[in-house]
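The primary structure of each chain is shown beneath.
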Amino acid sequence: MGSFSLVHWLVLGLIILLLFGKGRFSDMMGDVAKGLKSFKKGMAEDDTVPPPAPRQIDGQRAPDATPTPTAETETR
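Residues numbered from 1 in each chain as written. Predicted model: local features only at pLDDT ≥ 70, side-chain atom pairs only at ≥ 80, totals over all residues. Heavy atoms only, no water.

1. A short note on the overall build of the chain
Link 1 in the chain: For the chain, the helix and strand inventory stands at three helices and zero strands.
Link 2 in the chain: What you see in the chain, going N to C, is helices and strands ordered as α-α-α.
Link 3 in the chain: Sorting the 76 residues of the chain into buried and exposed places 1% on the buried side.
Link 4 in the chain: Accessible surface computed for the chain: about 7900 Å², of which carbon and sulfur atoms make up 66%. (Helix = DSSP H or I, 4+ residues; strand = E, 2+ residues; numbered from the N terminus. Buried < 20%, exposed > 50% of the residue type's maximum accessible area, 1.4 Å probe, protein only. Areas by Shrake-Rupley, 256 points an atom, 1.4 Å probe, with all protein chains shown as cover.)

2. A word on helix H1 (residues 6–20)
Structural remark: α-helix, 3.6 residues per turn; residues separated by three or four positions point the same way.
Link 1 in the chain: Over its 15 residues, H1 runs 21 Å from end to end, which matches the ideal 21 Å to within 8%, given 1.5 Å per residue.
Link 2 in the chain: One or two steps after H1, the chain reaches Gly21, where phi turns positive at roughly 75°. (Expected span 1.5 Å × (residues − 1).)

3. Let's talk about the confidence of the model for the chain
Any region with low pLDDT has predicted coordinates that should not be read closely.
Link 1 in the chain: For the chain, per-residue confidence averages 78 on the pLDDT scale, and residues scoring 70 or more make up 72% of the total.
Link 2 in the chain: Within the chain, helix H3 (residues 71–74) has the poorest average pLDDT of any element, 62, and H1 the best, 87. (pLDDT = per-residue confidence, 0-100.)

As structure tokens, this is what we get:
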């Protein structure tokens, strides 16, 4: 009563094969593979593009390049 028998799995496989068909299933898997390749290519292109330089607003001074020491860094 707990698990399906071999006959149940064969019938289920036959129904799935009839619904999707051999050609449709392979086409669907090919589309998934193309999507994954496109996603990986897009992720690789994002890594190669440098981030835009920060813009400075007119009338404001640029932030200091050296960080100001804090009490925690002074004691070390």
